[in-house]
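Listed here are the chains, written in short residue letters.
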Amino acid sequence: MDSNQLLVNSAIEQLRSRWPGAQDSVAAAAVVLEDGQILTSVSFDNFNAAATLCAEAGAVAQAYTLGKRVVASACVTNGTEEGTYQVLAPCGICQERLAVWGPGVLAAVPGSAGNDTWEMLTLRELNPYYWATSFTADGHWPSTAEHGE
């Protein structure tokens, strides 16, 4: 099995484990670190919508806490038919979180062939006009250190 499929499968397994049989809008995510370790997390739903978090937030925060580089990310939710799953592209906030590790971070996105397909794109492909490049001296994608300044 290739590493991208393992990443998506890890997110699906986390979804199944946390919410077995759920039919609502829950999500789970997985990230791959530079050393091959996979971290998973889930969306944090709350009655107060301001307190919710995207599925990727936990795994991204854990990677950052460990001082490890994220190289790929995948987020999944339940599909329209029971037992199916679909990949969700990272929202703008999650793209910002992943941007800390540069434009080459891979993200799973829905495939052009339908809901049950997906592909991997780099953040630069997802966001070719990244706003933060306007604030660097030569227009480059900000480094991890520059994101933290």
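Below or above, wherever it landed, is the structure these notes cover. (Residues numbered from 1 in each chain as written. Predicted model: local features only at pLDDT ≥ 70, side-chain atom pairs only at ≥ 80, totals over all residues. Heavy atoms only, no water.)

So, about helix α3 (residues 92-99). One full turn of an α-helix is made of 3.6 residues, so residues set three or four places apart face in the same direction. Those residues of α3 lying buried are Cys 94, Gln 95, Leu 98 and Ala 99. The buried residues of α3 occupy an angular sector of 145 degrees when the element is viewed end-on, so they sit on one face. (Buried < 20%, exposed > 50% of the residue type's maximum accessible area, 1.4 Å probe, protein only. Helix = DSSP H or I, 4+ residues; strand = E, 2+ residues; numbered from the N terminus. Arc of directions from axis to C-beta.)

Before going further, it helps to examine the environment of Gly 104. Here Gly 104 is to be found in the loop between α3 and β5 (106-110). A sequence separation of 33 residues divides Gly 104 from Val 71, and the C-alpha atoms of the two residues are 7.5 Å apart. The residues contacting Gly 104, other than those within four sequence positions of it, are Val 71 and Thr 122. (Contact = heavy atoms within 4.5 Å.)

Turning to the pattern of salt bridges, a few remarks are in order. All chains considered together, the criterion is met by two salt bridges. Close ionic contact of Asp 35 with Lys 68 constitutes a salt bridge, the shortest N to O distance being 2.8 Å. Highlighted residues: Asp 35 in the loop between β1 (27-33) and β2 (38-42) and Lys 68 in the loop between α2 (56-66) and β3 (70-78), separated in sequence by 33 residues. Looking at Asp 35, the relative accessible area reads 46%, which means it is partly exposed. (Salt bridge = Lys/Arg side-chain N within 4 Å of Asp/Glu carboxyl O.)

Here we come to the layout of surface pockets. Estimates place the volume of the largest pocket at around 170 Å³. What lines the largest pocket is a set of 15 residues, and nearest its centre among them are Ala 27, Cys 54, Ala 55, Cys 75 and Leu 88. Of the residues contributing to the lining of the largest pocket, the split by class is 10 nonpolar, three polar and two charged. (1 Å grid on protein atoms, 1.4 Å probe; cavity = no way out; pocket = protein on both sides within 12 Å on 5 of 7 lines; lining within 4 Å. Points joined across faces, edges and corners; volume = space filled by probe spheres on them. Nonpolar A, V, L, I, M, F, W, Y, C, P; charged D, E, K, R; others polar.)

Within the span of α2, buried status applies to Glu 56, Ala 57, Ala 59, Val 60 and Ala 63. Just beyond α2, the residue with positive phi is Gly 67, at close to 70 degrees.

With that out of the way, let us pick up the packing of aromatic side chains. Scanning all chains against the criterion turns up four aromatic pairs. Between Tyr 130 and Trp 141, the ring centres sit 4.2 Å apart and the planes meet at 20 degrees, which makes this aromatic pair stacked. Here Trp 141 lies in the loop between α4 (123-126) and α5 (144-147) and Tyr 130 lies in the loop between α4 and α5, a separation of 11 residues in the sequence. Just as Tyr 130 is buried, Trp 141 falls in that class too. By way of ring pairs, the aromatic residues Tyr 130, Trp 131, Phe 135 and Trp 141 are connected into one cluster. (Phe/Tyr/Trp six-rings, centres within 6.5 Å; stacked < 30°, edge-to-face > 60°.)

Bringing the nonpolar core into the picture now. Membership of the largest hydrophobic core comes to 17 residues, with the highest contact counts inside it found for Leu 7, Val 8, Leu 15, Val 76 and Ala 108. At the level of elements, α1 (3-18), β1 and β3 are the ones that each hand at least two residues to this core. It is α1 that contributes the most residues to this core, five residues altogether. For Leu 15, the contacting residues outside a window of four places in its chain are Pro 20, Val 26, Ala 27, Ala 28, Val 76, Thr 77, Asn 78 and Tyr 85. If you look at the next biggest cluster of nonpolar residues, it comprises 16 residues, including Val 31, Val 70, Leu 98 and Trp 141. (Core = buried A, V, L, I, M, F, W, Y, C linked by side-chain atoms within 4.5 Å.)

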